[in-house]
Amino acid sequence: MREALEFVIKPSNYVSALCYSIFRLEPFTTCSFGCVYCYARWYRGPHGRPRPKWETVRAFEKIAKKYNDFFFRLATLSDPFQEPYGITLKLLEVAKKYEVPIIINTKSDAVVKPDVLPLLKSLASRSLVLVQLSASTLSYSKVLEPGAPDVRRRLGAVGVLASEGVPVVVRVQPLFPGLEEEHLRVAEEALSRGALGLIGESFRGTRRDIELIYKLLGMRIPDRWEPYQLNVVEGKEPLFHPPKEWRERMHYSLATLASRYGKHYSECKDSCTFYGLGRDCCMFWKVSSVHKLRYTLRELLAGIPCKEPYACDGPPPLGKFLRMHHRKVQKLKDEHLEKLCGVEFHPPLHI
Ligand code: SF4
């Protein structure tokens, strides 16, 4: 049970309501990329020198034998391709052996290195991998992500992956008021290099985070921010995100740009937009239609039944966690809809 817990994202309002998979792989203890906006710090503590968690490989092998219906995120608390990334290759080998689908979240161009690319191509040929490369701005990446590979190298990697047949989308995140042109420039570079689509996620952070980031950017803090949480946790600093109208406009601009290239756009954890039967906002549906998706609030509100390709439950050892998240979805249906589903989209979002 304790081992299984390592592979699951805990129930929370936004994740339970809106995420299509709750399973994850965490190869490292921390992250050396040192992004100033990093959300992972809230869960795993400060940035630092990462230590590979070798015990995860054996534990994943046990899980992978029994559980390959849903995609796993690699990773949520650190960059899986920071050095030394040998452990990440081992996890991907296990995924290949047991045919476990993987979404790689990274800011590293190591994904196109000679020791990595052949493995990704082999996973791609089995419809088992989607790479999500993150890039937010062209001009400020050194300020906001001081230890991460240069954003132009990341965009170069998008082109290589696309030309080698490895499915890749670009996460334009975090989105900040005042950096709209930067976000659109990075998005256009990604699309022109062959990204299959874009995912946008607005920034969220404490007052102190907001002050620090705008100081580093050398910009005045935009006036209006909205409370982010549905419930503020006692003893923790409250979180804020940009106002709804700004988020709607920013998502709409990115969606319009993507549709000009004939590509897709989805927002991350910002609305209850239903993307279509069997489609998820992570865009794993572009890779595979045989894997299951978690049943989310989006499907519930759209009146879609919880049956294949969706699941609210599953066999041991992880099925119990799907049930826990699903109970939360049912509760959220009657509460907080205004907050969770506040942002609305209009065409040309869907192609
Ligand atoms: S790469 Fe991800 S986990 Fe690492 S510091 Fe940046 S935001 Fe945090």
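These lines cover the structure that appears in this document, whether it is placed above or below. Predicted model only: the values in this text are computed from it and were never measured. (Residues numbered from 1 in each chain as written. Predicted model: local features only at pLDDT ≥ 70, side-chain atom pairs only at ≥ 80, totals over all residues. Heavy atoms only, no water.)

Observations regarding the packing of helix H9 (residues 180-192) against helix H11 (residues 244-260)
Packed helices, taken two at a time, are described by the angle their axes make and the gap between the axes. Interhelical geometry of H9 versus H11 gives an angle of 25 degrees and a closest axis separation of 10 Å. Taken together, the axes of H9 and H11 lie roughly parallel to each other. Our pair here, H9 against H11, has a crossing hand that is right-handed. On H11, the residues touching Glu180, His183, Leu184, Ala187, Glu188 and Leu191 of H9 are Trp246, Met250, Ser253, Leu254, Leu257, Ala258 and Arg260. Tallied by class, residues from the contact of H9 with H11 come to eight nonpolar, two polar and three charged. (Axes fitted to C-alpha atoms, helices over the stretch in contact; angles between N-to-C directions. Helix = DSSP H or I, 4+ residues; strand = E, 2+ residues; numbered from the N terminus. Parallel < 35°, antiparallel > 145°, perpendicular 65-115°, else oblique. Left-handed = near helix turned anticlockwise from the far one by under 90°. Contact = heavy atoms within 4.5 Å. Nonpolar A, V, L, I, M, F, W, Y, C, P; charged D, E, K, R; others polar.)

A word on the packing of aromatic side chains
All told, the structure shown has 16 aromatic pairs when counted by the stated rule. Here the aromatic rings of Tyr214 and Trp225 are separated by 6.1 Å at their centres, their planes lie at 75 degrees, and the arrangement is edge-to-face. Placement of the pair is Tyr214 in helix H10 (residues 207-217) and Trp225 in the loop between H10 and strand S7 (226-227), with a sequence separation of 11 residues. A relative accessible area of 10% means that Trp225 is categorised as buried. Grouped by ring-pair contacts, the aromatic residues Phe7, Phe23, Phe60, Tyr67, Phe70 and Phe72 constitute a single cluster. (Phe/Tyr/Trp six-rings, centres within 6.5 Å; stacked < 30°, edge-to-face > 60°. Buried < 20%, exposed > 50% of the residue type's maximum accessible area, 1.4 Å probe, protein only.)

A word on the pairing of strand S6 (residues 197-202)
With six of its six residues buried, S6 lies for the most part within the structure. Covered by surrounding structure in S6 are Gly197, Ile199 and Glu201 together with Leu198, Gly200 and Ser202, the residues of both alternating faces. Inspection of the sheet shows strand S5 (residues 168-175) paired to S6 by four bridges, in the parallel sense. Along S6, the bridge assignment pairs Val172 with Gly200. Bridge count between S6 and strand S9 (residues 264-267): four bridges; the pairing is parallel. The residue of S9 that forms the bridge with Leu198 is Tyr265. (Pairing = 2+ DSSP bridges.)

Examining the pattern of salt bridges
Per the counting criterion, the structure on display carries 21 salt bridges. Across the salt bridge formed by Asp209 and Arg41, the nearest N and O atoms sit 4.0 Å from each other. Note that Asp209 is positioned in helix H10 and Arg41 in helix H3 (residues 41-44), a separation of 168 residues in sequence. For Asp209, a relative accessible area of 12% puts it in the buried group. Its relative accessible area of 24% is what places Arg41 among the partly exposed residues. Here Glu61 and Lys97 are joined by a salt bridge, their closest N and O atoms 3.0 Å apart. With Glu61 in helix H4 (residues 55-66) and Lys97 in helix H5 (residues 86-98), this residue pair connects regions lying 36 residues apart in the sequence. Classification of Lys97 as exposed rests on a relative accessible area of 56%. When salt bridges that share partners are traced, they join Arg171, Glu201, Arg204 and Lys269 into one network. (Salt bridge = Lys/Arg side-chain N within 4 Å of Asp/Glu carboxyl O.)

Function-wise, these values are silent; they only describe arrangement.
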